[in-house]
Structures are given as structure tokens and as C-alpha cells.
Amino acid sequence: MSIRTHSRPWRLAVLAVAAAMTGGLALAAPARAATATPVDYVAMGDSYSAGSGVLPLDPSAALECARSTANYPHDLAARIGAQLTDVTCGGAETKDYAGSQYPGVAPQLDALSSSTDLVTMTIGGNDNNTFIDAILACGSAGVLTLGIGHPCQSLYGSSFDDSIDSSTYPALVAALTAVRAKAPNARVAIVGYPWIVPATAVPGCFAKLPIASGDIPYLRELEGHLNAAVQRAAQATGATYIDMSAVSNGHDACRPAGTRWIEPLLFGTNYVPVHPNALGESKMADQVATVLGLG
């Protein structure tokens, strides 16, 4: 992945260097920190960025956005002392960057400017209703077969994957290009989706996530395909891709509470199912900070 650099020094880089200083240089750091301008951080994206389903709600957001103050942007901003502008919104698609998602909710691109230092987002899963259609379709099919076989794959085949290639990928490229145009001096990072389902069926999961055993690998491959499209779009536009696949392995919605980062469809703790819980949002913040060298 490539990371675009710019002629003006990044305040992010200054923070990283300051955090690493030791000895005599460290003694001078407090005086500089007192007058340093905070990182201008804009968080964009959908419900995985907004932390939809995690309490408490952000009182500054429209209720339809179901934005949480415990989402990964708030966590990350607190760690690095950034000035956060959070425009994440549940249900967002790439088209909502340039257009109003709900009445009174400004296009997300409006939050960006030439003074923006850092942009993060999770986006793409709602385009073409990829996530919701796949989960609902496979859940319904799984209930009808009592969890046996791969009815969803038999019904839908490559249709979800085809829409990712034909529609979602170019929309991601266009959205990231628009972000770059509005925030030419910013470091832009797009976060992949953490695993929702395991690689293979887990005993006892059907009660919480009613998907047929043969469709678990089908959905896993679909999410991997979406994340690959997100990664390719990041590479094509000079953004940084934050890969969640390795770190979220074993923390899918089939795992017990306290281990899982994603809540299941049934009997979960979030009021919005099949989304990251508070632990998952914190772990997403961990990965962003690690990949970007922040904190």
C-alpha cells in the first residue's frame, strides 16, 4: 500500500516523533505540547465507523445515524489528543459522501478541508445492500433448511461478488478520490471490515446466527472479496488500507461474549445486530493506531 506525502509537515508525524523522544529532548517536549495545534481529524463512513448499536449515543448526531461516542474514531481521537469531527452515520453508502443521507444531515465530504490532517473511514458494505442482503438472504435460507447445506450459495451464486466488482469497487475509488480532492493535505485511511463469520461452521452458532453450515464459508469469502476491493481502491488512490482480517480472526459473531468483536443476529448485546460491540470498536482503534503509527 502506498501512503501519499505532502509538502507541508504532518502534525501527525510531529506527534509520533514527540512521543518517541527520550532523555534531554523529552524534557523539552511539554513546552512544545502546550502550544501544539491538535491534529484535525475527520471520521467518515458507515455504521462500523459510527459504532451503531453501542451505547452511549452521540447527542450531536442525527438519531438515524445511531452514532456512538464509544466508536473507534472517538477512541482514537482521545489517544492522540486530536480535534475530532465525526460525521460517521449508520447505513451510509459511498454516495452519501457527496449527498445528504438523511434530511438535515450534510454530505460527509462537507467536513473536509485543506486543513484536515487525518481522515479515517469504513465504507462500502452498504453499497448495493451487500451486507444486509447477504445476511438476511442467507439467514432466511438457513432457517428453511434448518442449518443444513448451502442454500444461500445455491440461490445467489456469484451475484454478490459480481456487484462488488462492477459497482462497489469503482464507487470506492470515486469516493476516495473525492476525499483526496477535499482534503489534499490529509493522511487518509480506510478500515477493512472485521470478520463477521468464522472460516467454517462453529457448533452452537446456528442459534445465534441462523446461517446454514455450508453458507458460512460462502459469507466469509464474500466479506473477504469486499475487503479486497476496499484494499485495491486504497492502493489506487494513495490511501492507507487498515487490514482487520488477521487481528479479528477468532473474534467473529459466533464466539462467546467477551471474545467476539461482532454481535450475532440473535441473543447479542447490541441493539443493532451483526455490528461491532464496544470491544470490537476499541480493537479497530488499536489497529488504526498500530498501522498509522499513532498513540
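In the annotation of an unreviewed UniProt entry, the chain is listed under the name SGNH/GDSL hydrolase family protein and assigned to Streptacidiphilus cavernicola.

Enquirer: Break down the nonpolar core for me, with residues and values.
Expert: In terms of nonpolar packing, the biggest core is built from 26 residues, with I196, L209 and L219 touching the most fellow members. Non-local contacts of L219, meaning those with residues more than four positions away in its chain, are made with A134, I135, C138, V197 and I211. Counting residues in hydrophobic clusters, the runner-up holds 22 residues, among them V42, V119, A183 and V188.

Enquirer: Residues and numbers for the packing of aromatic side chains, please.
Expert: With the rule as written, the count across this model stands at two aromatic pairs. We note R220 situated over the ring of W195; from NZ or CZ to the ring centre the distance is 3.8 Å. Its guanidinium or amino end placed over the ring of Y169, R232 lies 4.1 Å from that ring's centre, counting from NZ or CZ.

Enquirer: An account of helix α4 (residues 72-80) is requested, with residue identities and associated values reported.
Expert: Every buried residue of α4 is accounted for by Y72, P73, L76, A77 and I80. All buried residues of α4 fall inside an arc of 130° around its axis, so they share one side. Count one or two residues on from α4 and you reach G81, which has phi positive near 65°.

Enquirer: How would you sum up the sheet that holds strand β4 (residues 187-191)? Please name residues and give values.
Expert: The parallel open sheet is built from five strands, whose spatial order is β2-β1-β3-β4-β5. The open sheet has two edge strands, β2 (83-86) and β5 (240-242), and neither has a second partner. Each neighbouring strand pair of the sheet contributes to a mean axis angle of 20°, computed without reference to strand direction. Examined bridge by bridge, β4 and β5 share three bridges and lie parallel to one another. Paired with A189 across the two strands is T240, which belongs to β5. Sheet strands touched by α4: β1 (40-45), β2, β3 (118-122) and β4. Its angle to β3, the strand with the most contacts, is close to 155°. Along the sheet, helix α10 (residues 278-292) contacts β3, β4 and β5; its crossing angle with β5, the most-contacted strand, is approximately 145°.

Enquirer: Can you break down the side chain of D127 residue by residue, with the values?
Expert: Counting through the fold element by element, D127 comes out in the loop between β3 and α5 (130-144). Despite its burial, D127 pairs with no opposite charge; the closest candidate is K95, at 8.2 Å N-O. Apart from residues lying up to four places away in sequence, D127 is in contact with E93, T94, T168 and A171.

Enquirer: Lay out α5 in plain terms, naming residues and giving numbers.
Expert: Here α5 spans 21 Å end to end across 15 residues, near enough to the 21 Å set by a 1.5 Å rise per residue. Of the positions making up α5, those classed as buried are T130, F131, A134, I135, A137, C138, G139, A141 and G142. Packed against the buried residues of α5 are α6 (151-156), α7 (159-182) and α8 (215-237).

Enquirer: Can you break down the pattern of salt bridges residue by residue, with the values?
Expert: Tallied over the entire structure, the rule returns eight salt bridges. A salt bridge links D75 to R79, with the shortest nitrogen-to-oxygen separation between them at 2.7 Å. In this pair, D75 and R79 both sit in helix α4, four residues apart, roughly one turn of the helix. One salt bridge in this structure joins R79 and D286, with 2.5 Å as the shortest N-O distance. Placement of the pair is R79 in helix α4 and D286 in helix α10, with a sequence separation of 207 residues.

Rules behind the numbers
Residues numbered from 1 in each chain as written. Predicted model: local features only at pLDDT ≥ 70, side-chain atom pairs only at ≥ 80, totals over all residues. Heavy atoms only, no water. Core = buried A, V, L, I, M, F, W, Y, C linked by side-chain atoms within 4.5 Å. Buried < 20%, exposed > 50% of the residue type's maximum accessible area, 1.4 Å probe, protein only. Contact = heavy atoms within 4.5 Å. Phe/Tyr/Trp six-rings, centres within 6.5 Å; stacked < 30°, edge-to-face > 60°. Lys NZ or Arg CZ within 6 Å of the ring centre and 35° of its normal. Helix = DSSP H or I, 4+ residues; strand = E, 2+ residues; numbered from the N terminus. Arc of directions from axis to C-beta. Pairing = 2+ DSSP bridges. Axes fitted to C-alpha atoms, helices over the stretch in contact; angles between N-to-C directions. Lys, Arg positive; Asp, Glu negative; His and termini not counted. Salt bridge = Lys/Arg side-chain N within 4 Å of Asp/Glu carboxyl O. Expected span 1.5 Å × (residues − 1).

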